[in-house]
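Remarks on the overall topology
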Amino acid sequence: MRLDARKRLTMMLAASNLAAALVATLVLALPSSRGAVAEPVYSFDATPGKLPKAVIPLHYTIELTPDLERLTLAGVEVVDVEVREPTARLVLNAVDMTLDAATVDGDAQRAEVALDAAAETATLSLAQPLAAGAHRLRIDFTAKINSFARGLFFVDYPTGKGIKRMLSSQLEPADARRIFPCWDEPAFKATFALTVTVPNAFLVVSNMPVAREEAIAPNLKQITFAPTPKMSSYLFVLSTGELERFTGQADGTTVGVVTTAGKAEQGRFALENAVKLLDYYNEYFGVKYPLPKLDLIAVPGGFGGAMENWGGITFFESRLLFDPATNAETARREIFSVLAHEMAHQWFGDLVTMGWWDNLWLNEGFASWMQVKAAEHFYPQWQTWLNNNGAKQYAMVLDARRTSHPIQQLVADQSEALVAFDGITYNKGQALIRMLESYLGDQAFAEGIRKYMATHAYGSTTTADLWQALESAAGKPVTGVAASFTEQDGVPLVIAETGCSGGDQRMTLRQDRFVIAPSQSRTVWPHRSWHIPVTVGPLRATQPANILLSESAAEIAAGSCGEAVKVNLGDVGYYRVEYGPKSRAALVKSLAEMTPADRVDFVSDSWALMQAGRAEPPSYLALVDQIRNDDHRAMWDQVIAALKRLDFLARGRSERDGLRNYARARLRPVFDRLGWDASSADAKDSDSDTALLRSSLIQALGEFGDADILAEARRRFAGFLQNPLSLPNALRDPVIHLAGIGADRATYDALLALARKTTVTSERVRYYFAAASARDPDLARATLQLTLTDELPKTIVERVINTVASSGEQPDLAWDFVRMNFDALAAKEGPSFRDFFVADFMTNFSDEAHAAELAHFAPAQATTGGRVITARALETIALSADLRTRALPAIDTWIRSRGR
């Protein structure tokens, strides 16, 4: 951001002209949207990136010796390279390390080394140019072992024998350069052969099986791994510590679960499903998993998700392990989902990799789609597409904003690559792929995917390569349809209006762009048009109409006059629908006759239209009143999320009491039908939607101030402290959360004692978050102080601060703490905290004063990725402020008029 532009932004925010400031921020901070253009197929030379392409790596031989006390990493690497044209300069990536020596072709030439910290590069300059052809580069280096999850990091974790330390790696998108010097961009694929020296008690896991192990000192051993196939550097993995491994077999591949000592049995559910998934994916993708082994590595801290390293997937421990003594049965769903996602990456991302981060969705969108497809295959009773509706809704909320971006987005550098891992890339990508599969047909789509995998195995691609494969297999146009969703931002709005003639009903469909913007904004939105696969028909239609809606309006037969006709039957399409008054009234009247998926879709669109100012604010709650108490969990999940959003907006306002009264009155009959405890029928299926809905309702009603729910939660928590078996696993999350919200000092201390006592990561996280939810300001301060210590798992520090602000309802107190301790937190949490945390945190507010503070906060503007996140946060604050002002008074009037 240019300095003069930043000054103008600050002045506008100080003048409380948030809408004008937002426009300025967007224009200056966001990467430009390229609109719908034809992307070419993959070419190495044309692929974006920061490194020169005159030299490419072919094979790395790497020796690493970690020092667990000094937290340093000594290394030597030999890299076989191909010089494509004569050059005296080799530019590769390195960050936070020293390069002690660099030579080429033995000792033929010694390079001068120049490190550029800002560019994260090392330039090796030679006295004589290297001729085109094969050469060998040797570098001696020393890197750091980090406290934060970038590069190689350490995790200290509690055991029955005291604190233990393990090491693991997290390299996506661009942190292999923190472990060893390398060409750290995805197009520079190479093979890797690793040797590691560790204590004798340590198990080491990397991408490939161990080839050789030998003792080199009384307490040290050296492990050498077989070379990897050709792969991108961000897929390299190294995990080591006092670990244990148990294995199974899947079609000739050894599948292993790796845990800290004593926890291997908790990985049995994951192992059994990984074996099934590997067989399923081998068949679906048409290319057998090519590595001899696949390890699933449970890491008890450091990072909060999972990473698809080829042959060695790492997971935050609670995302992989199932402990029947502490986990609800429903936890298996999340474990399967994450496992299926990361294993799908072994093909989409690892075997075939996007050429540059602008096509990240080829990795994440497809893995997100495949995780649900696999769940529907193995566990149809979970109804994963239906219960996953919130993922698509989240994408459409983001995509309706000015700060959205195309699925195929421009990415300039590693800081922008980091922020590309968002709801558009994952969730819109997932929704688009589901829509395309429906449009092309399951079999044709699968054949296209198999062709894509076979053609591009071990290589790189762009989205155009995928469209080419799908079009060839399906024999129908794909590029025009798909590119209208991937190469431009935005959500289509299908406007459906009916008319009658002689008893026959006709429906006209036309498209527009669905946007959510502050009501006073004068922003001119770019025109968008799509080729939209639309499914429409009467609710009981056995053969609905399928049309491809383009810019021209379409008219279709729609049954008899007054018949309820729904657009987006089955909720497969990625678009919003706005009905004319008569059509909407017919659908509201027929709400109970819809399938659960159509009902959730219709109510979700109604909520979205209200947020966009296309429907009166009370219209959504009037629709909620029509929902039956025994409706599906997915329906009530949508309602609970909307009510919580309104409750957040009403914080500190007079409308909050009335809104909470309404929420309690509407949700309590739903809960009373279920009760606190599972019936004998439910008890036979503790992995049911009923159990999940019960948990959600208890938590929501408690947060909305239901006195009976809060009293019963306190009673049950007190019983749990005396006898943990008295509280069923399925109720532990909501009960302990509500105990935290209303905690006094004794309850707060009890929660911390529980967290400090257990060695189960999921339990530690549960107790710390409950403590962070305490609404007593003194307890909130105590929690915030914990984030400066080494007590909390580092992976939850940012979320704990956010929990104090949100669940604990202490946003100003938390913000004061962050400002006062920002440098200490950034040093402890790493560059991602420095660049992105504050912008994300400030969405806890919905006022112009805090938006101004964010605009003044220099670290949030220090990187291009940080400026993108800041622009999004400013828009979120502006939209919250607008919806609060526009909707809450009207909703309050409606609630009062109904005597609630």
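What counts as what
Sequence order as written defines the numbering, with residues in each chain counted from 1. Where local features are concerned, this predicted model is filtered to residues with pLDDT of at least 70; where side-chain atom pairs are given and counted, the filter is 80 or more; whole-chain, interface and lining totals use all residues. Excluded from the side-chain calculations are hydrogens and water; all other atoms, namely the structure's heavy atoms, are used. Think of it this way: any DSSP run of H or I at least four residues long counts as a helix, any run of E at least two long counts as a strand, and we number them from the N terminus. The reference for a compact globule is 2.2 Å times residues^0.38; the radius of gyration itself is calculated from the C-alpha atoms. Partly exposed residues are those whose accessible area sits between 20% and 50% of the maximum for their type, while under 20% is buried and over 50% is exposed, using a 1.4 Å probe and protein chains only. Pairing between two strands is assigned when DSSP locates at least 2 bridges connecting them. Lines are fitted to the C-alpha atoms to define the axes, a helix being fitted only along its stretch in contact, and any angle between axes, read from their N-to-C directions, falls within 0 to 180 degrees. We define a salt bridge as a contact between a side-chain nitrogen of Lys or Arg and a carboxyl oxygen of Asp or Glu at a distance within 4 Å. Contacts were defined at the residue level, with two residues in contact if any of their heavy atoms lie within 4.5 Å. For this text, the term disulfide refers to a pair of cysteine sulfurs within 2.5 Å. Note: pLDDT gives the predictor's confidence per residue, expressed from 0 to 100. The nonpolar core is taken to be a set of buried Ala, Val, Leu, Ile, Met, Phe, Trp, Tyr and Cys residues, with the residues joined through side-chain atoms within 4.5 Å. Here a pair means two rings of Phe, Tyr or Trp (six-membered ring of Trp) with centres within 6.5 Å. Their orientation is stacked below 30 degrees between planes, edge-to-face above 60, and tilted elsewhere. Look at NZ for Lys and CZ for Arg. If either is within 6 Å of the ring centre and within 35 degrees of the ring normal, a charge sits over the ring. We define a polar contact as two N or O atoms separated by no more than 3.5 Å, with the added condition that, inside protein, one atom must be a possible hydrogen donor and the other a possible acceptor, whereas residues neighbouring each other in sequence contribute only through side-chain atom pairs. By definition here, a helix of n residues has an expected span of 1.5 Å times n minus one.

1. Brief notes about the overall build of the chain
A tally of regular secondary structure across the chain gives 30 helices and 29 strands. Over its C-alpha trace the chain gives a radius of gyration of 28 Å, about what one expects of a compact globule, namely 29 Å for 900 residues. Projected onto the principal axes, the alpha-carbon positions of the chain cover approximately 90 × 65 × 60 Å. Among the 900 residues that make up the chain, the fraction classed as buried is 61%.

2. Looking at the sheet that holds strand 26 (residues 545–549)
Taken in spatial order, the three strands line up as 26-25-28 in an open sheet, and their pairing is antiparallel. Two strands close off the open sheet at either side, each with one partner strand: strand 26 and strand 28 (565–567). Going from strand to strand, the sheet's axes swing by 25° on average, the running direction of each strand aside. Bridge count for strand 25 (residues 532–538) against strand 28 is three bridges, and the pairing is antiparallel. Counted as the bridge partner of Gly537 is Lys566 from strand 28.

3. Observations concerning the pattern of salt bridges
Evaluated as defined, the whole model comprises 63 salt bridges. With a closest N to O distance of 2.6 Å, Arg528 and Asp489 form a salt bridge. One end of the pair, Arg528, is in the loop between strand 24 (504–514) and strand 25; the other, Asp489, is in the loop between helix 12 (479–486) and strand 23 (491–501), and 39 residues separate them in sequence. Overall, the relative accessible area of 12% leaves Arg528 in the buried class. Residues joined by salt bridges that share partners form a network here, namely Asp647, Arg656, Arg660, Arg775 and Glu809.

4. Remarks on the sheet that holds strand 20 (residues 312–316)
What the five strands build is an open sheet, ordered 16-17-18-20-19; its pairing is mixed. With partners counted over all chains shown, the strands left at the sheet margins are strand 16 (243–250) and strand 19 (306–307), one partner each. Strands in contact with helix 3 (residues 268–285) are strand 16, strand 17 (253–260) and strand 18 (293–299); relative to strand 16, the strand with the most contacts, it is inclined by about 35°.

5. Describing the state of the cysteines
On inspection of all chains with the given rule, the structure shows one disulfide. Covalently, Cys500 is tied to Cys561 through a disulfide, its sulfur atoms 2.2 Å apart. In this pair, Cys500 is assigned in strand 23 and Cys561 in the loop between strand 27 (554–560) and strand 28, connecting sequence segments 61 residues apart.

6. Some details on the confidence of the model for the chain
This prediction gives the chain a mean pLDDT of 93; 95% of its residues lie at or above 70. Across residues 1–16, confidence stays below pLDDT 50; counting only partners more than four residues off in sequence or on other chains, it has 24 contacts.

7. What to know about the nonpolar core
Considering soluble globular proteins, one finds that nonpolar side chains tend to be buried as a cluster. Grouped together as the largest cluster of nonpolar side chains are 290 residues, with contacts concentrated most on Tyr281 and Val567. The element contributing the most residues to this core is helix 30 (residues 864–897), with 12 residues. With sequence-adjacent residues up to four places away left out, Tyr281 is seen in contact with Gly286, Ala340, Met343, Ala344, Trp347, Met370 and Ala374.

8. What to know about the side chain of Thr486
Along the polypeptide, Thr486 turns up in helix 12. Contact partners of Thr486, with chain neighbours within four places excluded, come to Trp361, Pro406, Ile407, Gln408, Leu432 and Trp467.

9. Examining the packing of aromatic side chains
According to the stated counting rule, one finds 42 aromatic pairs in the structure shown. On the basis of an interplanar angle of 65° and a centroid distance of 6.3 Å, the ring pair of Phe336 and Phe378 is categorised as edge-to-face. In this pair, Phe336 is assigned in helix 4 (residues 331–344) and Phe378 in helix 5 (residues 361–378), connecting sequence segments 42 residues apart. Phe336 gets classed as buried once you look at its relative accessible area, which sits at 1%. In this structure, Arg165 is placed above the aromatic ring of Phe154, and the distance from its NZ or CZ to the ring centre is 4.3 Å. Stacked on the ring of Tyr284, the Lys or Arg Arg450 has its end atom at 5.6 Å from the ring centre.

10. Things to note about the pairing of strand 13 (residues 210–217)
Two strands pair when backbone bridges link them, and strand 13 and strand 14 (residues 220–225) are joined in this way by six bridges, in the antiparallel orientation. Counted as the bridge partner of Val210 is Phe225 from strand 14. In this antiparallel pair of consecutive strands, strand 13 and strand 14, the connection spans two residues.

11. As for the packing of helix 9 (residues 423–440) against helix 10 (residues 442–456)
In contact at an axis separation of 6 Å, helix 9 and helix 10 are set at 115° when each is read in the N-to-C sense. For the pair helix 9 and helix 10, the contacting residues are Ile433, Leu436, Glu437 and Leu440 in the first and Asp442, Ala444 and Phe445 in the second.

12. Side note on unusual backbone geometry
Residue Pro173 is bonded to the preceding Glu172 through a cis peptide linkage, with omega at 5°. Residue placement: Pro173 occurs in the loop between strand 10 (162–170) and strand 11 (191–199). One non-glycine residue with positive phi stands out, namely Asp251, at about 50°. Within the element layout of this structure, Asp251 appears in the loop between strand 16 and strand 17. For Asp571, which is not a glycine, the phi torsion comes out positive at approximately 55°.

13. Observations concerning the pairing of strand 18
With seven of seven residues buried, strand 18 lies mostly within the body of the structure. Every second residue of strand 18 is oriented toward a common face, with Lys293, Asp295, Ile297 and Val299 on one face and Leu294, Leu296 and Ala298 on the other, all of them buried. Taken together, the five bridges between strand 17 and strand 18 define a ladder with parallel strand orientation. The residue bridging Thr254 from the neighbouring strand is Lys293, located in strand 18.

14. Some remarks on the environment of Met307
Among the secondary structure elements, Met307 is positioned in strand 19. We classify Met307 as buried; its relative accessible area is 0%. Sequence-wise, Met307 and Glu342 are 35 residues apart; in three dimensions their C-alpha atoms are separated by 6.7 Å. Ignoring sequence-local partners within four residues, the contact set of Met307 consists of Gln170, Glu172, Tyr234, Leu235, Gly312, Ile313, Thr314 and Glu342.

15. As for the environment of Arg886
Along the chain, Arg886 turns up in helix 30. A relative accessible area of 25% means that Arg886 is categorised as partly exposed. Along the chain, Arg886 and Ser519 lie 367 residues apart, while their C-alpha atoms are 8.3 Å from each other. Beyond its immediate chain neighbours, meaning those up to four positions away, Arg886 contacts Ser519, Met610, Gln611, Gly613 and Pro617. Separated by 3.2 Å, the side chain of Arg886 and the backbone oxygen of Met610 make a polar contact.

16. A word on helix 4
For helix 4, which comprises 14 residues, the first-to-last C-alpha distance of 20 Å matches the rise-based estimate of 20 Å (1.5 Å per residue) to within 8%. Taken across its 14 residues, helix 4 has 11 buried, putting it largely inside the fold. Among the residues of helix 4, Arg333, Ile335, Phe336, Ser337, Val338, Leu339, Ala340, His341, Glu342, Met343 and Ala344 are the ones counted as buried.

17. Regarding the environment of Ala108
Tracing the backbone through its elements, the reader meets Ala108 in the loop between strand 4 (97–104) and strand 5 (109–110). Separated by 727 residues in sequence, Ala108 and Asp835 place their C-alpha atoms 43 Å apart.

18. A word on helix 10
Each α-helix winds once per 3.6 residues, and so residues spaced three or four apart point in a common direction. Taking 1.5 Å per residue as the helical rise, helix 10 with its 15 residues ought to reach 21 Å, and the 21 Å between its terminal C-alpha atoms agrees with that figure. Taken residue by residue, helix 10 has Ala444, Phe445, Ala446, Gly448, Ile449, Tyr452, Met453 and His456 as its buried positions. Residues of helix 10 that are buried in the fold lie against helix 3, helix 5, helix 9, strand 22 (460–461) and helix 11 (463–474).

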